[in-house]
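Chain and residue survey
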Amino acid sequence: MGLLKNVFALTELKQAMGWLLADAPAQEAYDNFVKLFNEQAAQQGQLATQEPVSVDLTTASPATVMQYEAVQAVLHWLAAKRVLKAYEK
């Protein structure tokens with residue numbers, strides 16, 4: 001949740017959490033987010049959005065697609081911070 005607060009407003013996070021918890025139990029939603037984040041972060045050196053290996057987005061629930069998009073937003077935010085930090089040097 002800490003990473004998401006840097007990209008999304010708390011009201012947006014509250015709305016998303018309600019939607020996720022209506023779709024799956026809390027542990028399953030959390031595990032899915034972690035799996036997507038770790039998988040995408042491992043590929044982030046390419047800075048191109050990668051289709052996930054662990055989830056088929058064409059058949060995934062809207063809540064899972066939202067998680068994937070949130071992961072992408074966080075990773076792009078982190079990439080932009082790295083570029084800014086490198087520029088400062």
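This is a predicted model, so every value here is computed, not measured.

Rules behind the numbers
Residues numbered from 1 in each chain as written. Predicted model: local features only at pLDDT ≥ 70, side-chain atom pairs only at ≥ 80, totals over all residues. Heavy atoms only, no water. Helix = DSSP H or I, 4+ residues; strand = E, 2+ residues; numbered from the N terminus. Buried < 20%, exposed > 50% of the residue type's maximum accessible area, 1.4 Å probe, protein only. Contact = heavy atoms within 4.5 Å. Expected span 1.5 Å × (residues − 1). Core = buried A, V, L, I, M, F, W, Y, C linked by side-chain atoms within 4.5 Å. Phe/Tyr/Trp six-rings, centres within 6.5 Å; stacked < 30°, edge-to-face > 60°.

Comments concerning the overall build of the chain
Check the secondary structure of the chain and you find 4 helices and 0 strands. Mapped from its N terminus to its C terminus, the chain presents α and β elements in the order α-α-α-α. When its C-alpha atoms are laid out on the principal axes, the chain stretches across 45 × 30 × 20 Å. Sorting the 89 residues of the chain into buried and exposed places 30% on the buried side. Taking all contacts inside the chain whose residues are at least 6 apart in sequence as the whole, residues at least 24 apart take part in 61%.

What about the environment of Tyr68?
Mapped onto the elements, Tyr68 comes out in helix H4 (residues 62–88). As for Tyr68 and Lys81, which are separated by 13 residues in sequence, their C-alpha atoms are 20 Å apart.

Thoughts on helix H3 (residues 26–43)
Side chains three or four residues apart in an α-helix point the same way, a direct result of the helix having 3.6 residues per turn. Between its first and last C-alpha, H3 extends 26 Å over 18 residues, near the 26 Å set by a 1.5 Å rise per residue. Burial in H3 covers these residues: Ala29, Asn32, Phe33, Leu36, Phe37, Glu39, Gln40 and Gln43. Considering only its buried residues, H3 is in contact with helix H1 (2–5), helix H2 (10–23) and H4.

Brief notes about the nonpolar core
Counting 12 residues, the largest nonpolar core consists of Leu4, Leu13, Phe33, Leu36, Phe37, Val55, Leu57, Tyr68, Ala70, Val71, Val74 and Leu75. Those elements giving two or more residues to this core turn out to be H3 and H4. Looking at this core, the element that brings in the most residues is H4, giving 5 residues. Excluding residues that lie within four positions of it along the chain, Val74 makes contacts with Leu3, Leu4, Val7 and Phe37.

Regarding the packing of aromatic side chains
Each pair of aromatic rings is reported with the distance of its centres and the angle of its planes. In this structure the tally under the stated criterion is 1 aromatic pair. Taking the centre distance of 6.2 Å and the plane angle of 20° together, the rings of Phe33 and Phe37 count as stacked. Taken as a pair, Phe33 and Phe37 lie in helix H3 at a separation of 4 residues, close to a single helical turn. Accessibility classification places Phe33 together with Phe37 in one group, the buried group.

What to know about the side chain of Gln67
Within the fold, Gln67 resides in helix H4. Here Gln67 is in contact with Leu20, Ala29, Asn32, Phe33 and Leu36, once residues within four sequence places are set aside.

Digging into the side chain of Gln40
Position of Gln40 among the secondary structure elements: in helix H3. Here Gln40 falls in the buried class, since its relative accessible area comes to 1%.

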